[in-house]
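So you can see what is in the structure, the chains are spelled out below.
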Amino acid sequence: MTGNRIPVSRVVHTIHATTDIYGCRLRYQDALGGLVFAENYFPPEDRDCALLYVTNHMVEPMAPRNPDDLTKPYARMAARIGQAFHSFELMVPDGPAASQAIRDAGLKTASDYGVFFFVRPEQTGGVLLEVCATPMPNDPWDRPGWNREAGAGHACSVLRLDHIACVVPDVDKALAFFTGVVAGDLLEDSRTTLPQPARRALVQLGDTRVAFIQPDDPASGPLGAFLARPQNGIYALVWQVADEAAARAHFTGGMLKLRLTQEACVSPGFAIDPDDFFGARHEFVPA
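Residues numbered from 1 in each chain as written. Predicted model: local features only at pLDDT ≥ 70, side-chain atom pairs only at ≥ 80, totals over all residues. Heavy atoms only, no water.

**Quick look at the pairing of strand S7 (residues 129-132)**
Here comes step 1: Alternating positions in S7 separate into two faces, Leu129 and Val131 on one and Glu130 and Cys132 on the other, with burial throughout.
Here comes step 2: The pairing of strand S5 (residues 84-91) with S7 spans 4 bridges and is classified as parallel. Across the sheet, residue Leu90 finds its bridge partner in S7, namely Val131.
Here comes step 3: In the sheet, strand S6 (residues 116-119) pairs with S7 via 4 bridges, with the strands oriented antiparallel. Following the sheet pairing, Phe118 is matched in S7 by Glu130. (Buried < 20%, exposed > 50% of the residue type's maximum accessible area, 1.4 Å probe, protein only. Helix = DSSP H or I, 4+ residues; strand = E, 2+ residues; numbered from the N terminus. Pairing = 2+ DSSP bridges.)

**A few points about the environment of Asp20**
Here comes step 1: Mapped onto the fold, Asp20 is located in the loop between strand S1 (10-17) and helix H1 (21-32).
Here comes step 2: Here Asp20 falls in the partly exposed class, since its relative accessible area comes to 35%.
Here comes step 3: With sequence-adjacent residues up to four places away left out, Asp20 is seen in contact with Gln83 and Phe278. (Contact = heavy atoms within 4.5 Å.)

**Some words on the sheet that holds strand S4 (residues 57-64)**
Here comes step 1: The strand order across the open sheet built from 7 strands is S2-S3-S4-S1-S5-S7-S6, with neighbouring strands paired in mixed fashion. Where the open sheet ends on each side, the last strands, each with one partner, are strand S2 (35-42) and S6. The sheet shows a mean angle of 25 degrees between the axes of neighbouring strands, taken without regard to direction.
Here comes step 2: Taken together, the 6 bridges between S1 and S5 define a ladder with antiparallel strand orientation. In the sheet register, His16 faces S5, and the bridge partner there is Phe85. (Axes fitted to C-alpha atoms, helices over the stretch in contact; angles between N-to-C directions.)

**A word on the sheet that holds strand S10 (residues 198-205)**
Here comes step 1: Pairing in this open sheet of 8 strands is mixed, and the strands run S9-S10-S11-S8-S12-S15-S14-S13 from one edge to the other. Every interior strand has two partners, whereas the edge strands, strand S9 (185-192) and strand S13 (260-261), have only one.
Here comes step 2: Packing of helix H6 (residues 221-228) onto the sheet brings it into contact with strand S8 (158-167), S10, strand S11 (208-215) and strand S12 (234-241), and relative to S12 it is tilted by some 130 degrees.
Here comes step 3: Across the face of the sheet, helix H7 (residues 244-252) comes into contact with S12, S13, strand S14 (270-272) and strand S15 (282-286) while running at roughly 20 degrees to S14.

**Concerning the packing of aromatic side chains**
Here comes step 1: The final tally for this structure, using the stated rule, is 12 aromatic pairs.
Here comes step 2: On the basis of an interplanar angle of 80 degrees and a centroid distance of 5.0 Å, the ring pair of Phe177 and Phe178 is categorised as edge-to-face. For the pair shown, Phe177 and Phe178 are each scored as buried.
Here comes step 3: Each member of the aromatic cluster is reached from another via a ring pair, and the members are Phe37, Tyr53, Trp141 and Trp146.
Here comes step 4: Above the ring of Trp141, the side-chain terminus of Arg10 is found at 4.0 Å from the ring centroid.
Here comes step 5: The ring of Phe270 is capped by Arg248, whose NZ or CZ atom sits 4.2 Å from the centre of that ring. (Phe/Tyr/Trp six-rings, centres within 6.5 Å; stacked < 30°, edge-to-face > 60°. Lys NZ or Arg CZ within 6 Å of the ring centre and 35° of its normal.)

**Quick look at the pattern of salt bridges**
Here comes step 1: Using the criterion set out here, one finds 14 salt bridges in the structure.
Here comes step 2: Of the charged contacts, one joins Glu188 and Arg200 as a salt bridge, the two residues approaching to 3.9 Å between their closest N and O atoms. Within this pair, whereas Glu188 is found in strand S9, its partner Arg200 is found in strand S10, the two being separated by 12 residues in sequence.
Here comes step 3: With relative accessibility at 16%, the residue Arg200 sits in the buried group.
Here comes step 4: In this structure, Arg259 engages Asp276 in a salt bridge whose closest nitrogen and oxygen atoms are separated by 2.8 Å. Of the two residues, Arg259 sits in the loop between H7 and S13 while Asp276 sits in the loop between S14 and S15, which places them 17 residues apart along the sequence.
Here comes step 5: By relative accessible area, Arg259 is classed as partly exposed at 45%.
Here comes step 6: The exposure class of Asp276 is buried, given its relative accessible area of 14%. (Salt bridge = Lys/Arg side-chain N within 4 Å of Asp/Glu carboxyl O.)

**Topic: helix H3 (residues 95-104)**
Here comes step 1: If you check which residues of H3 are buried, you get Gly95, Ala98, Ser99, Ala101 and Ile102. For H3, the angular spread of the buried residues around the axis is 160 degrees, confining them to a single face.
Here comes step 2: Lining the buried residues of H3 we find S6, S7 and helix H5 (171-181).
Here comes step 3: Phi turns positive, to about 85 degrees, at Gly106, one or two residues after H3. (Arc of directions from axis to C-beta.)

**Describing the side chain of Asp139**
Here comes step 1: Within the secondary structure, Asp139 is located in the loop between S7 and S8.
Here comes step 2: Here Trp141 takes part through its backbone nitrogen, which lies 2.9 Å from a polar atom of the side chain of Asp139.
Here comes step 3: With sequence-adjacent residues up to four places away left out, Asp139 is seen in contact with Arg10, Phe37, Tyr53 and Met58. (Polar contact = N/O pair within 3.5 Å; in protein donor to acceptor, adjacent residues only side chain to side chain.)

**So, the nonpolar core**
Here comes step 1: Grouped together as the largest cluster of nonpolar side chains are 55 residues, with contacts concentrated most on Tyr28, Leu32, Phe88, Phe212 and Phe251.
Here comes step 2: Per-element tally for this core: the top contributor is H5, with 6 residues.
Here comes step 3: Apart from residues no more than four positions distant in its own chain, Phe251 is found in contact with Ala31, Leu32, Cys156, Leu256, Lys257, Leu258, Leu260, Phe270, Ile272 and Phe284.
Here comes step 4: Residues Ile213, Leu223, Tyr235 and Ala236 belong to the second largest nonpolar core, which totals 13 residues. (Core = buried A, V, L, I, M, F, W, Y, C linked by side-chain atoms within 4.5 Å.)

That's the geometry; what it means functionally is another story.
Below, the structure is given as structure tokens:
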């Protein structure tokens, strides 16, 4: 433990819930140069997944094999939030100790297997969080010599993840969890007007920056619309690109023909229309 806070070494991945595991995986490969290193089926939850890296950040597209079987927890979650970002995962050194620390803080865990568990959005200020103490099987990140920006150089010109953007109803509660219970460091607590007036707190969690954004008026605007629908708090993955013009040309050209927008962006860049990316919002800013 770091004092009485849970230490974090890295954000392992972001899960993307989808109904089309094959199509979603291909979109990451073709649009963002995703490097797939594993695919598997997990019988207890009856779901399929792919594991891939977009430069330095792992994304896990995940789909229920039988979406109408609501006896399975993941199928129920997918039915609730639809195609969208599901959660992100923190790597900690000791799963049972982290689980106990969260419970000692008066909070609850879910699907708690000791080395692996979830913390629900109502406990964290608005974000579904996965916590794990064991490496992902065959994760190239753990191999000597692995280049954490191995995917750079693709036509999309993505260099690295800039940050994970979360829209939450309560930034103070999110900070209490992610800097009080978990050993995150507050980098900035400021104001933003993108895409509407809001408070924005930027936190360093291991190797990754996460922004928690609370709109001044949660009943209006694109952020209010996000909060009003079933979701788990993750609004967008924001990527740095080496060449914005090249990125735009790649996304809109060839066989992709993706629609681009600046509407509802939480960054000063642009986004691929989420409807063209299986419900997930990806934004791009110049490096």
